[in-house]
Amino acid sequence: MKSWEEADPGGSPIPGSPEPMTKCPLSVVIHGHFYQPPREDPWLETLERQPSAAPHHDWNERITNECYRAVLAARIPGEGGRIAEIVNTLRFISFNFGPTLLEWMERNAPGIYRSILDADRVSRSAPGSHGNALAQAYHHSILPLASRRDKISEVRWGIVDFRRRFGREPVGMWLPETAVDAETLDVLAQEGIAFTILAPHQVTKVPAGGLPGRFRTSKGRSISLFIYDGPLSHGVAFGSYLRDAGAWADGILGLPSKDGSKVLHSAATAGDPGRSSDSRDLHPRRLVSMATDGETFGHHHRFGEMALAAVIRRLQGFPSVRLENFASFLSHTPPREEVRLVEPSSWSCIHGVERWRSHCGCKIDITRDTQQEWRRTLRDAVEWLAGEAHKIYEEEGTALLGDVWAARNQYAAAASAEPEETAKLVRLIAPRDLEASEEIRARELLELGRQSLRLFTSCGWFFDDLEGLEPLQILRYAARALELAGPAQPDLEEGFLSRIELAVSNESPPRSGRDIFLQDAKPRVSAPLRVAAGAALWESVRPPDIDPEREGARVTSGQPGTADPAVLGFFAARGDQGRFRVTHRRTGRQWVLQVETRRPSLGRVEAEVRSVEAGEAYRAITLDEVPEGFRDAIRQSLLEAVVERWVPREAREELAQGARKIDQVMEMGLISAIRSLGQRPDAPMEWSNLAVDRVRDLADLHGLLGLPIPFDAQTEFFRLLEGANPQDAARFSALREPLGFVIIE
């Protein structure tokens, strides 16, 4: 039998020695595509709280808890419901993780992240073995809808990211939504990718026995295509297999089901499973492969990871069955049949790739009468914006970066690294020595190129409504790209708005794309001002046990190893006289900002910020507009200060022990404070002012924590006002606003 290299000279070689073909008559590959839509703020580069993911902080955290953690430690139950075994299922299945998800996980779930990398390392540790992990096109865009230049960038970024994380070259690559056309496959082959995975309806004829097919491109390149088993995969994702691991295993093996009928799957019915379509060349091995969203195991189906672990162990109990991955199978069984594409096509749209550019009828909630005409408008608007951004990138970038498209591809290695790497890249590729301001602009242009790729993240079109989280993220990328466009920003923004205005949401009443962009996507206050306000407010409330000084100017944000809150996208350093120098992490651009802070009460802070260089007027920034990294720390400090001063020791101890909740303690404390206002009518003015301060602090803290002013507290205050003499009524009037009453002038 010919080797892989001899069988397909146009493909990429698979390392490792071929295994004798008679050893294992049935190979099984289960593939999990693990991915989440990016949700980070494009300016701050942090993922802020998402209430819809409660009780978790955000959807990444929630799905990590429900799925990614679970598949790495899936339980197999034993007698009496006790644990018999814990299985890292990723050591036994083929998988890919979206690069943007891994970027989040590397920072926020490092233990789980390391376990994923370890699963690939273990899977290739035996002699002749191949890693389970596949690469993925970086930004999860629909490649058939992209230009060849963007296809190349997405594939190269995916390869670079995979190499950095897994420490090896990728053999296969997952195509987002398995969306494919001939040019996409030619790009994969050009970049050294040996295979990808498609659905049965994406080729005109599925190769016999589940074996891979060979696709030859018009440019003379070739790539192997694995066609997963449709019925089995559907049974996992949408059927009952995850409720019955035994039935799933029987389905894989083609054994009779519980009702006595034989389970037939596409790998078995495409042809004689023991014979190639070429009758002159008998082949004893066949392949059963499945592919589904990895989130199926634990998130979409609770305890689905347990069924996965159980089916793995059951299949391992058959000597004639071998669990392996696609690269391993390809190393000993190269493709024997040519395949033709149905193009463009994908696994999640029966209309090809129309789901990402038109109202094709594909949607999540088929019970609701909604329209998706907005998809075409959003696609047209971002394609126009990307085209305009590319013009700026070429016009300005050529003098600063040389070959701008090669520079964008090279930026892949620096984009997820430390800021110094971007500076090094610019110095390396710049056609001449750059001034400091030119280097900053060069870095901004690279970011403009990155945002232009992010504009096409597929999730923005997948769901049902323009006002959803995913389309909103696309509009936020657009806002960031416009910001990076430089002097052309005002005209480009109006051009973008005039196009997106034609998109209409399914809300009641509906909103236009323009309204959603201006109300929800484009920040009311620029990120540098928000960061400076957060840094200054944190300085004003920092607990005394945190050293207020550092060497030189105090760094208040973005520095690892400090006790200060961090905002990933920026560094902020305190200067003299209330000034802060805010630096964008990726581009190096700096702003010198003057910040004035006030503390009207122990439970409330306020800030005003202005640009020193621009000579602007001060702008008020609320605590809600401060980045969450600062906001949560500031709120905690204010809470501790108010509780320490006004809450009795007994109540504080009950709070610390969990005997009472914070809202209970706050309600009791506020009602008690209001009642105390009228208990000493002859008290000295100093005591009376202190009593008013106590009520104000506790009322402000309710607002800070998002707690409503208690009904009984408002009732007590109103009764107090009714019986107060004019002098006391005037003194108490300052409490009307924080307690939720109409302000009387």
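To be clear, the structure that these remarks concern was listed above.
The rules behind each value
Residues numbered from 1 in each chain as written. Predicted model: local features only at pLDDT ≥ 70, side-chain atom pairs only at ≥ 80, totals over all residues. Heavy atoms only, no water. 1 Å grid on protein atoms, 1.4 Å probe; cavity = no way out; pocket = protein on both sides within 12 Å on 5 of 7 lines; lining within 4 Å. Points joined across faces, edges and corners; volume = space filled by probe spheres on them. Helix = DSSP H or I, 4+ residues; strand = E, 2+ residues; numbered from the N terminus. Nonpolar A, V, L, I, M, F, W, Y, C, P; charged D, E, K, R; others polar. Contact = heavy atoms within 4.5 Å. Buried < 20%, exposed > 50% of the residue type's maximum accessible area, 1.4 Å probe, protein only. Expected span 1.5 Å × (residues − 1). Phe/Tyr/Trp six-rings, centres within 6.5 Å; stacked < 30°, edge-to-face > 60°. Axes fitted to C-alpha atoms, helices over the stretch in contact; angles between N-to-C directions. Parallel < 35°, antiparallel > 145°, perpendicular 65-115°, else oblique. Left-handed = near helix turned anticlockwise from the far one by under 90°.

Caption draft 1: Geometry of empty space enclosed by the protein. For the structure shown, the criterion picks out six cavities of 30 Å³ or more. A volume near 160 Å³ is recorded for the largest cavity. Forming the walls of the largest cavity are 14 residues, and the residues nearest its centre are Glu40, Glu103, Arg450, Arg454 and Arg586. Taken together, the elements giving at least two residues each to the lining of the largest cavity come down to helix H3 (99-108) and helix H15 (436-454). Here the lining of the largest cavity takes three residues from H3, the largest share from any one element. In terms of residue class, the lining of the largest cavity is made up of four nonpolar, two polar and eight charged.

Caption draft 2: The arrangement of the environment of Thr296 in detail. For Thr296, the location among the structural elements is in the loop between strand S10 (286-293) and helix H10 (304-316). Each C-alpha atom of the pair Thr296 and Gly32 lies 8.5 Å from the other, and the pair is 264 residues apart in sequence. Thr296 has contacts with Val236, Ala237, Leu242 and His301, leaving out every residue within four places of it along the chain.

Caption draft 3: Main features of the environment of Ile366. With respect to the helices, strands and loops of the structure, Ile366 is situated in the loop between strand S12 (337-338) and helix H12 (374-401). With a relative accessible area of 70%, Ile366 lands in the exposed category. On a C-alpha basis, the gap between Ile366 and Asp464 in space is 9.5 Å, while along the polypeptide they are 98 residues apart.

Caption draft 4: Seen up close, helix H23 (residues 662-677). Here H23 is 16 residues long and its end C-alpha atoms lie 23 Å apart, about the 22 Å a rise of 1.5 Å per residue gives. Where H23 is concerned, the buried positions are Val665, Met666, Gly669, Leu670, Ile671, Ala673, Ile674, Ser676 and Leu677.

Caption draft 5: Quick look at the packing of aromatic side chains. Inspection of every chain in the model, using the stated rule, returns 20 aromatic pairs. On the numbers, 6.4 Å between centres and 10° between planes, the contact of Trp248 with Phe297 is stacked. Of this pair, Trp248 sits in helix H8 (residues 245-253) while Phe297 sits in the loop between S10 and H10, placing them 49 residues apart in sequence. Like Phe297, Trp248 is buried.

Caption draft 6: Here's a closer look at the packing of helix H5 (residues 148-166) against helix H6 (residues 182-190). Interaxial distance between H5 and H6 falls to 10 Å at its minimum, and their mutual angle equals 45°. One finds that H5 runs oblique with respect to H6. As for the relative orientation of H5 and H6, their crossing is right-handed in sense. Contact residues: H5 offers Arg148, Lys151, Ile152, Val155 and Arg156, while H6 offers Glu183, Thr184, Asp186, Val187, Leu188 and Gln190. Of the residues in the contact of H5 with H6, the class split is four nonpolar, two polar and five charged.

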